[in-house]
Amino acid sequence: MMRLLLCHITLMLAAAACTPAASRHGAAPAPQGAAEESVPLPAVPGELTDPAARADWLCAHFWDSLDMADRSRSLDTAYMEQSFANFASVLPLASSDKSRMRAVEAVMSRAESAGADVRDRLLEIAQLYLYEPESPVYDENLYAFFARYAAEHVPDRAVAARAALDDIARNAPGTRAPDIRLLRPDGSTVHLLRGASRQAGIILFFYEPGCERCAAAKRLLAGDAVVSRAVADGALRVVMVCLDADTHRRAWLRDAESLPPGWETGLDAYGEADDGYTVRATPSLYLLHPDGTVILKDAPAPLLLQMLGSR
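Attention in this report is confined to the structure presented alongside it. (Residues numbered from 1 in each chain as written. Predicted model: local features only at pLDDT ≥ 70, side-chain atom pairs only at ≥ 80, totals over all residues. Heavy atoms only, no water.)

Once that is clear, we can look at a negative patch on the surface. Taken together, the side chains of Asp 244, Asp 246, Asp 274 and Asp 275 present a region of like negative charge at the surface. Tracing the backbone shows Asp 275 in helix α12 (residues 272–276). Taking the relative accessible area as the measure of exposure, Asp 275 reaches 57% and is therefore exposed. (Patch = residues over 30% accessible without salt bridge, like charges linked within 9 Å, V, L, I, M, F, W, Y side chains within 5 Å. Areas by Shrake-Rupley, 256 points an atom, 1.4 Å probe, with all protein chains shown as cover. Salt bridge = Lys/Arg side-chain N within 4 Å of Asp/Glu carboxyl O. Lys, Arg positive; Asp, Glu negative; His and termini not counted. Charge placed at Lys NZ, Arg CZ, Asp CG, Glu CD. Helix = DSSP H or I, 4+ residues; strand = E, 2+ residues; numbered from the N terminus. Buried < 20%, exposed > 50% of the residue type's maximum accessible area, 1.4 Å probe, protein only.)

With that settled, the discussion passes to the packing of helix α6 (residues 116–130) against helix α7 (residues 140–153). α7 packs onto α6 with a crossing angle of 155° between their chain directions and a minimal axis gap of 9 Å. Accordingly, the angle class assigned to the pair α6 and α7 is roughly antiparallel. In this structure, α6 crosses over α7, and the sense of that crossing is left-handed. Counting all contacts with α6, which are made through Leu 123, Ala 126, Gln 127 and Leu 130, the residues of α7 involved are Glu 140, Leu 142, Tyr 143, Phe 146 and Ala 150. Of the residues in the contact of α6 with α7, the class split is seven nonpolar, one polar and one charged. (Axes fitted to C-alpha atoms, helices over the stretch in contact; angles between N-to-C directions. Parallel < 35°, antiparallel > 145°, perpendicular 65-115°, else oblique. Left-handed = near helix turned anticlockwise from the far one by under 90°. Contact = heavy atoms within 4.5 Å. Nonpolar A, V, L, I, M, F, W, Y, C, P; charged D, E, K, R; others polar.)

Moving on, we come to the nonpolar core. Formed by 46 residues in total, the largest nonpolar core has its most connected members in Trp 63, Met 68, Phe 84, Phe 87, Tyr 143 and Phe 146. Elements that contribute at least two residues to this core include exactly α2 (51–61), α4 (77–90), α5 (97–114), α6, α7 and α8 (158–169). Top contributing element to this core by residue count: α7, with nine residues. Residue contacts for Phe 146: discarding those within four places in its chain leaves Phe 84, Phe 87, Val 104, Met 108, Leu 123, Ala 126 and Leu 130. Residues Trp 252, Leu 267, Leu 287 and Leu 305 belong to the second largest nonpolar core, which totals 26 residues. (Core = buried A, V, L, I, M, F, W, Y, C linked by side-chain atoms within 4.5 Å.)

Its place among the elements puts Asp 167 in helix α8. In this structure Asp 167 comes out as buried when scored by relative accessible area, which is 18%.

The next subject is the pairing of strand β7 (residues 294–299). Within β7, five of the six residues are buried, which leaves it mostly tucked inside the rest of the structure. The pairing of strand β6 (residues 284–288) with β7 spans three bridges and is classified as antiparallel. Bridged to Leu 287 within β7 is Leu 296. Between β6 and β7, which pair antiparallel and follow one another directly, the connecting turn spans five residues, one of which, Gly 292, has a positive phi of 95°. (Pairing = 2+ DSSP bridges.)

Here the structure, examined in full by the defined rule, presents eleven aromatic pairs. Taking the centre distance of 6.3 Å and the plane angle of 65° together, the rings of Phe 84 and Phe 87 count as edge-to-face. Residue Phe 84 and its partner Phe 87 are both found in helix α4; the two are separated by three residues, about one turn of the helix. Phe 87 matches Phe 84 in its accessibility class, with the two residues each being buried. Where Phe 206 meets Tyr 277, the ring centres are 5.3 Å apart and the plane angle is 50°; that geometry is what we call tilted. One end of the pair, Phe 206, is in strand β3 (residues 201–207); the other, Tyr 277, is in the loop between α12 and β6, with 71 residues separating them in the sequence. Relative accessible area serves as the criterion here: at 0%, Phe 206 is assigned to the buried category. (Phe/Tyr/Trp six-rings, centres within 6.5 Å; stacked < 30°, edge-to-face > 60°.)

Scanning the entire structure with this criterion turns up one disulfide. The disulfide partner of Cys 211 is Cys 214, and the gap between their sulfur atoms is 2.5 Å. Every disulfide takes its handedness from the sign of the S-S torsion; for Cys 211 and Cys 214 that torsion is 80°, giving right-handed. Residue Cys 211 is classed as buried on the basis of its relative accessible area of 16%. With no disulfide of its own, Cys 242 lies closest to Cys 214 among cysteine sulfurs, the gap being 9.4 Å. A residue is classified by how much of its surface remains accessible, and Cys 242, at 0% relative accessible area, is buried. (Disulfide = S-S within 2.5 Å.)

Below, the discussion takes up unusual backbone geometry. Looking along the chain, the bond that leaves Thr 282 and enters Pro 283 is cis, with omega of 0°. With respect to the element layout, Pro 283 can be found in the loop between α12 and β6. Positive phi, normally seen in glycine, also occurs at Asn 171, with a value near 60°. For Asn 171, a relative accessible area of 7% gives the class buried. Phi at Asp 298 takes a positive value of approximately 50°, unusual for a residue other than glycine. Mapped onto the fold, Asp 298 is located in strand β7.

Now for the environment of Asp 255. In this fold, Asp 255 is placed in helix α11 (residues 245–256). Expressed as a C-alpha distance, the spacing of Asp 255 and Thr 265, which sit ten residues apart in the sequence, is 8.9 Å. Apart from residues lying up to four places away in sequence, Asp 255 is in contact with Tyr 207 and Pro 209. A polar atom in the side chain of Asp 255 sits 3.2 Å from the side chain of Tyr 207. (Polar contact = N/O pair within 3.5 Å; in protein donor to acceptor, adjacent residues only side chain to side chain.)

Next comes the structure, spelled out in structure tokens:
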């Protein structure tokens, strides 16, 4: 349903650009049944013809039809979670971070006016959907807009919100990745970046032995032809970093015996990976430029493969 809704929204925003002026009467109706259990999409004014302007308007007015004071809706878990999931699919379409922040402020102000319980429930849903690593729509950059609102306007949530903002800013794409020491299976110590080839990008794969999701991500990467070819050609390094050295040392050594060809592994024996990188759940995948710049942070394997041109 989410994918169908996003497709409908995208078509709706583009429709004005190819529709005769005389026939523009706002947005096309939503697919039948799509909005029964969530906030219906508002009709974008027909006079807005620029797709970016239409997207900004839709984000800012997404929640207009919901009376937040109606707690049978605003505190209805299923209704609000589905509505929020739809909103989260629309928000990236806005033309700028400024527009996204305005849209978040608009809905949070309306929730605040309805009562602290409504406001807090919406913030909790935002955290659940956008800041929990296992969420299918996990996006810490979108969550940052809600955390910023909480840090500035909700005193009893400000400390946690600021901590989340610090966590989001850490290892952000475009920043320099920390160089860390790792223990090799032969007992030697290696630096992740120091002395590394400046021609090879790095997939940094934080994991824990026995983690099924880690094993699934490893299989996905190991079975990808683009990754395998890049590793063989020296254009890419895949470095698996085992966390929690005290607990997993023996299991890590066993795992090291079955690495895919050309992959590397290291144990976070010095605690530098835990100190230097944000790892909120395993697996946690980073993509680093050959110069050590973060390209992707804590990305799911399919997105990383897409970035590499595999999909």
